[in-house]
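Residue strings, one per chain:
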Amino acid sequence: MKTLMTWLALISLGALAACAEDKGPAERAGEKIDETVEAAQEKTGAMADDMQEAVDEARQEASDAMDAAGDTMNEMQDEASDAAEDMQQRAEDAADEVEEGAKEVAEEIKGDS
């Protein structure tokens with residue numbers, strides 16, 4: 001009986017060892033699923049990285065565009081201010097000329113009287 005049990009144990013061990021070497025369809029399918037999931041995770045991680053990079057670039061471009069627009073607005077404001085000052089000076093000069101002309105005319109009228 002002891003010998004029979006020993007033989008059964010050895011046969012069982014051999015059967016288990018044989019099963020470990022040959023993968024069944026379920027185990028192969030499981031490994032294929034694992035490989036597919038890992039590949040999908042790698043691709044989605046790369047896609048997420050690419051998307052984040054695109055968002056960062058778009059954010060920087062928008063910031064640069066806003067800075068440029070602000071600079072342009074400041075330049076336009078400076079030019080408008082300069083033009084207003086120039087117009088004011090011209091108006092003052094014209095008023096001075098008119099005043100001088102009016103004084104000359106007034107003196108001529110006084111002199112003719």
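For the structure itself, consult the block above.
Reading the values: the criteria
Residues numbered from 1 in each chain as written. Predicted model: local features only at pLDDT ≥ 70, side-chain atom pairs only at ≥ 80, totals over all residues. Heavy atoms only, no water. Helix = DSSP H or I, 4+ residues; strand = E, 2+ residues; numbered from the N terminus. Buried < 20%, exposed > 50% of the residue type's maximum accessible area, 1.4 Å probe, protein only. Areas by Shrake-Rupley, 256 points an atom, 1.4 Å probe, with all protein chains shown as cover. Salt bridge = Lys/Arg side-chain N within 4 Å of Asp/Glu carboxyl O.

Enquirer: Which parts of the structure should I look at to understand the overall build of the chain?
Expert: Within the chain one finds 2 helices and 0 strands. Every one of the 113 residues in the chain was classed for burial, and the buried ones make up 0%. Summed over all atoms, the accessible surface of the chain reaches about 10,200 Å², with 59% contributed by carbon and sulfur.

Enquirer: I keep staring at the pattern of salt bridges and nothing clicks. Help me out?
Expert: Where charged atoms from two side chains of opposite charge approach closely, those side chains can pair. Under the defined criterion, the tally for this structure stands at 3 salt bridges. Taking the shortest distance from any N to any O, the salt bridge between Arg 90 and Asp 86 comes out at 3.4 Å. Note that Arg 90 and Asp 86 are positioned in helix H2 (residues 25-112) at a spacing of 4 residues, about one turn of the helix. Using a relative accessible area of 37% as the deciding quantity, one classes Asp 86 as partly exposed.

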